[in-house]
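Listed below are the residues making up each chain.
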Amino acid sequence: MPLRTSLRNIAIIAHVDHGKTTLVDAMLRQTGSFGDHQELTDRVMDSNDLEREKGITILAKNTAVKWGDLTINIIDTPGHADFGGEVERGLAMVDAVVLLVDAAEGPLPQTRFVLRKTLEARLPVVLVINKVDRPDARIDQVVAEVENLFLDLDADEHQISFPILYASARQGWAATEPGVVGDDLTPLFTTIEQYVPAPSYEEGHGLQALVCNLDASPYLGRLALCRVVNGTLIRGQRVAWCHVDGSVEYAKITELFMTSALERRPVDEAGPGDIVAVAGFDEITIGETLANPDDPQPLTPLTVDEPSLAMTIGINTSPLAGQEGKLLTARVIKDRLDRELIGNVSLRVLPTERPDAWEVQGRGELQLAVLIETMRREGFELTVGKPQVVTREIDGRLHEPVEHVTIDAPEEFVGAITTLLATRKGTMVDMVNHGTGWVRLEWRIPARGLVGIRTEFLTETRGAGMMHTNFDGYEPWFGDIRLRAQGVLVADRRGTTTANALLDLEARGVLFVGPGVEVYEGMVIGENSRPEEMDVNPTREKKLTNMRASGSDNTERTTPPRVLSLEQALEFIAEDEAVEVTPVSIRLRKVILDQSDRARARKKRGAN
């Protein structure tokens, strides 16, 4: 088959924080992709506000660099399994991957995830051992661990004979031998040119371009990001628009763009192997094909893993609804969720018994929390329920998702970690002591057992432990798991909190609110030190007298409240609780606000 020898398409894959986006920065700089007037910022590909705040890549993005006569299209993919849909779409556009592995941490669960997807797609791999300048780097052991991972994932003989480079992405160099400090990334570019296959195509075949991602332009509307497989795309061309359901429409390509560095530039045509943005299709979705109008032959649609976690998202029903946000109604929330489905193929939105609430299914807590945080910043007010696992019935038995957990922690915390995971039905798979005072633990645990574990894990390890998870199949239902030992303090009336009342409540537990905060009946204002739920009055004012005394006139000082982030709030809540999310506030509340109704519901559950 003919080849486009002047073109290479690669995806950069790795675990979270192993240096993908930093390496792309260095490739852009060293190929002269930035103009003299452009400001060079770190992690330039992480353009989303949430990406910069969290320090992770959430959306797969593409760029292109010129190295001599060679054009290299680069897909920067997320490293977290929760955003696996982005990884799978990125792999559909490329002919090989660059796998980054930290020289000290080695392959971690998300490394396994992205590599498994690569091997399933039968793509060749270039291995880059990154951060070799770390003082705790263990290069030889990490290379051996990666080779074992390839064997464990059943890589074929062609995939397992991969080239290895040793690099420091932050310093912008790569070398072909360990222990050698390079000058620049020339060895990486040379390896890509020699090892990554050039795009191939069928001579004389009609047009075939697969839609792998979507974007939007304020002037042109929806843009379809496509990989041209065969034929040529021409601006103004009439094409067949092949839907996933088998139907075919005909439309005209109004605009055609190709990426150069960080800019999309209009072009007249694009050939096999090119990654382009196409305008002219208002309702196009991922997985569809643009084809020859005279003989439309659709390509195989993209498939992604099924969701494993779900949460209920509905309108804000609290007494404070409408005070902080502008987008409140069920119609606008449903429209927003439907728009999210267009570009996020790994999400599902299902109806519930209530017309103003929907079950949103995704890959994990982080993916769903990012969706909620994005909607919050757009002005929505929401009520979000506790995350629940998505179960399946296999051979007549109920099965639930299981996660593979890798933990790196100081060895003195092994006992506390073991107790924490064992009480959540976890099973230890492996434990390795590196002899440096740190231990790596590997566990298999029901996904239910990981809900709400991160805060407690950080407390048990005093912030020193690192936990990474990856989906590891389905197992029969593990039975009941108690996730939270403490109860909650619940406001029994509406009003404004006072320092006098909160000072008395501090002996009951940890408070989530400070003085001067408006609360309502059923709002969770703190964590009880005991297992039960307690209704309290946080609005009680100090009784005043006309007598003054030196002992009673002291200024009351309350302990600063524990302010929960959105992710922490979702982890904390129990089955009968929810999170009220507005553009300004994150509040915890009971699903049933009236305390008498809650008491009857508890009594009914106890009777059953």
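Reference entry: report on the structure contained in this document. (Residues numbered from 1 in each chain as written. Predicted model: local features only at pLDDT ≥ 70, side-chain atom pairs only at ≥ 80, totals over all residues. Heavy atoms only, no water.)

## Observations concerning unusual backbone geometry
Rules: Numbering of helices and strands starts at the N terminus; helices are DSSP runs of H or I of at least 4 residues and strands are runs of E of at least 2.
The backbone of aspartate 154 sits at a positive phi, close to 60°, despite the residue not being glycine. Within the secondary structure layout, aspartate 154 lies in the loop between α5 (139-152) and α6 (157-160). At aspartate 395, a residue that is not glycine, the phi angle is positive and equals roughly 55°. With respect to the element layout, aspartate 395 can be found in the loop between β23 (392-394) and β24 (397-410).

## A closer look at the sheet that holds strand β16 (residues 275-279)
Consider a sheet: its strands pair through backbone hydrogen bonds, and that pairing is either parallel or antiparallel. Counted only if it meets this: One bridge is not enough; two strands pair if DSSP finds at least two bridges between them. Working convention: axes come from line fits to C-alpha atoms, limited for helices to the stretch in contact. Angles between N-to-C directions cover 0 to 180 degrees.
With antiparallel pairing, the 8 strands of this open sheet are ordered in space as β12-β11-β17-β8-β9-β16-β13-β14. Taken across any chain shown, the strands that pair with only one partner, and hence form the sheet edges, are β12 (248-252) and β14 (263-266). If you compare each strand with its neighbour and ignore which way they point, the axes differ by 40° on average.

## A look at the packing of helix α10 (residues 414-422) against helix α12 (residues 453-460)
Geometry of a packed helix pair, given as the angle between the helix axes and the separation of the axes. Short version of the rule: Small angles under 35 degrees read as roughly parallel and large ones over 145 as roughly antiparallel, with 65 to 115 read as roughly perpendicular and the rest as oblique. We call a crossing left-handed when the near helix sits turned anticlockwise from the far one by less than a right angle, and right-handed when that turn is clockwise. Whether two residues are in contact is decided by their heavy atoms: any pair within 4.5 Å suffices. Lys, Arg, Asp and Glu make up the charged group, whereas Ala, Val, Leu, Ile, Met, Phe, Trp, Tyr, Cys and Pro make up the nonpolar group; the residues left over, Gly among them, are polar.
For the pair α10 and α12, interaxial distance at closest approach is 10 Å and the crossing angle is 160°. As far as their axial angle goes, α12 and α10 are roughly antiparallel. Read as a crossing pair, α10 and α12 show a hand that is right-handed. In contact with Ala416, Ile417, Leu420 and Leu421 of α10, α12 contributes Ile453, Glu456, Phe457 and Glu460. A per-class count over the contact of α10 with α12 returns 6 nonpolar, no polar and 2 charged.

## Here we look at the packing of aromatic side chains
The criterion, for reference: Stacked, tilted and edge-to-face are the three classes assigned to paired rings of Phe, Tyr and Trp, where Trp is represented by its six-membered ring and a pair needs centres within 6.5 Å; plane angles under 30 degrees give stacked, over 60 edge-to-face, the rest tilted. Here, over-ring charges are defined by two tests on the NZ atom of lysine or the CZ atom of arginine: distance to the ring centre within 6 Å, and angle to the ring normal within 35 degrees.
Across all of its chains, the model carries 4 aromatic pairs by this definition. Geometry around tryptophan 477 places arginine 448 over its ring, the cationic atom sitting 3.8 Å from the centre.

## A word on the pairing of strand β25 (residues 427-433)
Pairing geometry for β25 and strand β26 (residues 438-446), over 6 bridges, is antiparallel. Residue asparagine 433 lies in a different strand from β26, and its bridge partner there is valine 439. The hairpin turn running from β25 into β26, its antiparallel successor, is 4 residues long, and glycine 435 in that turn takes a positive phi close to 80°.

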